[in-house]
Amino acid sequence: MPYLIPSRDPISVKAQCLSERYTLHKSFRSIKYAQQEAAKAKAAAKKAGKAAALNDKIATDASPWDVYLRANSNFVSHGVFMQTVAWQVEGRRVLSVVPHPLMTDVEKVAKAVQKNVASVKKCKLTDISKETGFPAFVCPPFGYPPDAEGRPPLLLVDSSVTEMKKPLLFDVGTMGVSLNVSEFLRSTRACCVENLAQPNSKPAFQKPLEIPDSCPSNPSGTASPEPAPIINDTVADAIMT
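Since we're looking at a predicted model, the values are computed, not measured.

About the criteria used
- Residues numbered from 1 in each chain as written.
- Predicted model: local features only at pLDDT ≥ 70, side-chain atom pairs only at ≥ 80, totals over all residues.
- Heavy atoms only, no water.
- Helix = DSSP H or I, 4+ residues; strand = E, 2+ residues; numbered from the N terminus.
- Buried < 20%, exposed > 50% of the residue type's maximum accessible area, 1.4 Å probe, protein only.
- Contact = heavy atoms within 4.5 Å.
- Areas by Shrake-Rupley, 256 points an atom, 1.4 Å probe, with all protein chains shown as cover.
- Axes fitted to C-alpha atoms, helices over the stretch in contact; angles between N-to-C directions.
- Parallel < 35°, antiparallel > 145°, perpendicular 65-115°, else oblique.
- Left-handed = near helix turned anticlockwise from the far one by under 90°.
- Salt bridge = Lys/Arg side-chain N within 4 Å of Asp/Glu carboxyl O.
- Disulfide = S-S within 2.5 Å.
- Core = buried A, V, L, I, M, F, W, Y, C linked by side-chain atoms within 4.5 Å.
- Polar contact = N/O pair within 3.5 Å; in protein donor to acceptor, adjacent residues only side chain to side chain.

Some thoughts on the overall build of the chain
For step 1, the next point in the chain: When helices and strands are counted, the chain shows seven helices and 12 strands.
For step 2, the next point in the chain: By residue count, 44% of the 241 residues in the chain fall in the buried class.
For step 3, the next point in the chain: In the chain, the proportion of contacts linking residues at least 24 apart, taken out of those at least 6 apart, comes to 72%.
For step 4, the next point in the chain: Roughly 13,100 Å² of accessible area belongs to the chain as shown, and the carbon and sulfur atoms make up 54% of that amount.

In structure tokens, the structure reads:
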């Protein structure tokens with residue numbers, strides 16, 4: 001059922017994102033915690049020369065994201081799962097959004113904001129949680145308060161989203177949020193950056209997320225996304241001001 005995403009971001013407060021929400025069967029945080037506890041029990045049992053009595057459902061050797069995607073297939077099957085990374089660039093908060101399991105190209109972030117790549121620092125999870133009020137391991141592209149100068153975070157998204165027909169999916173803790181591309185671009189005013197996403201450097205976690213063709217591509221019937229500003233290698237506006 002459509003609902004409005006509450007946000008402290010002044011842009012999102014004015015626009016209010018019309019979205020769909022889904023209950024998550026397992027949060028990424030709970031999966032990480034369960035794996036860590038299972039690994040500790042296994043190590044302690046090995047040290048004591050005993051067999052560890054572990055829950056067979058807890059796969060300590062699997063990627064937590066793989067476990068997350070399987071556990072929440074009811075959610076991730078409805079669109080393209082996106083991941084957001086928060087950066088600090090000389091006092092300005094910058095958020096990058098790319099399709100899972102791709103990673104953000106830091107050099108593209110630096111070029112987009114016209115700063116040296118050395119100035120782009122990834123934010124700590126604890127700092128993100130304190131700043132947004134979201135649980136640990138949750139970093140959505142909305143809900144951030146303005147900085148000391150009253151500026152909302154600068155949001156960058158890989159330009160491939162403009163060609164996507166299925167909704168964009170975001171994890172907000174205990175539930176998942178689905179937004180059509182047009183609604184996401186309209187409400188967040190994200191700047192599209194060419195080749196912002198790059199392959200993960202860890203081959204073991206490269207398995208792409210398969211989405212059934214039977215899933216609706218535009219469940220709310222909204223219009224196709226309007227053209228969004230695209231930052232490429234030859235044109236970079238002064239967007240840090």
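So much for the structure itself; the text now carries on.
What about the packing of helix α2 (residues 28-47) against helix α3 (residues 64-71)?
For step 1, the next point in the chain: Contact geometry for α2 and α3: axes closest at 10 Å, N-to-C directions at 130 degrees. By the angle between their axes, α2 is oblique relative to α3. At the point where α2 passes α3, the crossing takes the right-handed sense. Taken together, the residues of α3 that come into contact with α2 (itself represented by Phe-28, Ile-31, Lys-32 and Gln-35) are Pro-64, Trp-65, Val-67 and Tyr-68.

Digging into the pattern of salt bridges
For step 1, the next point in the chain: Summed over all chains, the structure comprises six salt bridges.
For step 2, the next point in the chain: Two residues, Arg-151 and Asp-147, come together in a salt bridge whose shortest N-O distance is 2.9 Å.
For step 3, the next point in the chain: Since its relative accessible area comes to 23%, Asp-147 is described here as partly exposed.
For step 4, the next point in the chain: Glu-183 is the salt-bridge partner of Arg-186, the closest N and O atoms lying 2.5 Å from each other. With Arg-186 and Glu-183 both in helix α7 (residues 181-188) and three residues apart, the pair spans about one turn of that helix.
For step 5, the next point in the chain: Several salt bridges share partner residues, and in doing so they unite Asp-147, Glu-149 and Arg-151 into one network.

A look at the state of the cysteines
For step 1, the next point in the chain: Under the criterion given, the structure shown has zero disulfides.
For step 2, the next point in the chain: Free of any disulfide, Cys-123 has its nearest cysteine sulfur in Cys-139, 7.8 Å distant.

Quick word on the nonpolar core
For step 1, the next point in the chain: Val-157, Leu-168, Phe-170 and Phe-184 are the most contacted members of the largest nonpolar core, which totals 26 residues.
For step 2, the next point in the chain: Secondary structure elements with two or more residues in this core: β3 (80-89), β4 (92-99), β7 (154-158), β8 (168-171), β9 (175-179) and α7.
For step 3, the next point in the chain: Excluding anything up to four places from it in sequence, Val-157 contacts Val-97, Phe-184, Leu-185, Ala-190, Cys-191, Cys-192, Val-193 and Leu-196.
For step 4, the next point in the chain: Membership of the second largest hydrophobic core comes to 16 residues, among which are Ala-110, Leu-154, Leu-196 and Ala-197.

Some remarks on the side chain of Thr-104
For step 1, the next point in the chain: On the secondary structure map, Thr-104 appears in strand β5 (residues 103-104).
For step 2, the next point in the chain: For Thr-104, a relative accessible area of 7% puts it in the buried group.
For step 3, the next point in the chain: Polar side-chain contacts of Thr-104 include one of 2.8 Å to the side chain of Ser-96.
For step 4, the next point in the chain: When near neighbours in sequence (up to four residues on either side) are disregarded, Thr-104 contacts Val-85, Trp-87, Ser-96, Val-98, Val-109, Leu-196 and Gln-198.

Remarks on unusual backbone geometry
For step 1, the next point in the chain: Across the junction of His-100 and Pro-101, the peptide omega takes the value 5 degrees, indicating a cis bond.
For step 2, the next point in the chain: On the secondary structure map, Pro-101 appears in the loop between β4 and β5.
For step 3, the next point in the chain: At Glu-90, a position not held by glycine, the phi torsion is positive, near 50 degrees.
For step 4, the next point in the chain: Residue placement: Glu-90 occurs in the loop between β3 and β4.
For step 5, the next point in the chain: Since its relative accessible area comes to 54%, Glu-90 is described here as exposed.
For step 6, the next point in the chain: With a phi close to 75 degrees, Phe-137 is a non-glycine residue in the positive phi region.
For step 7, the next point in the chain: By relative accessible area, Phe-137 is classed as partly exposed at 32%.

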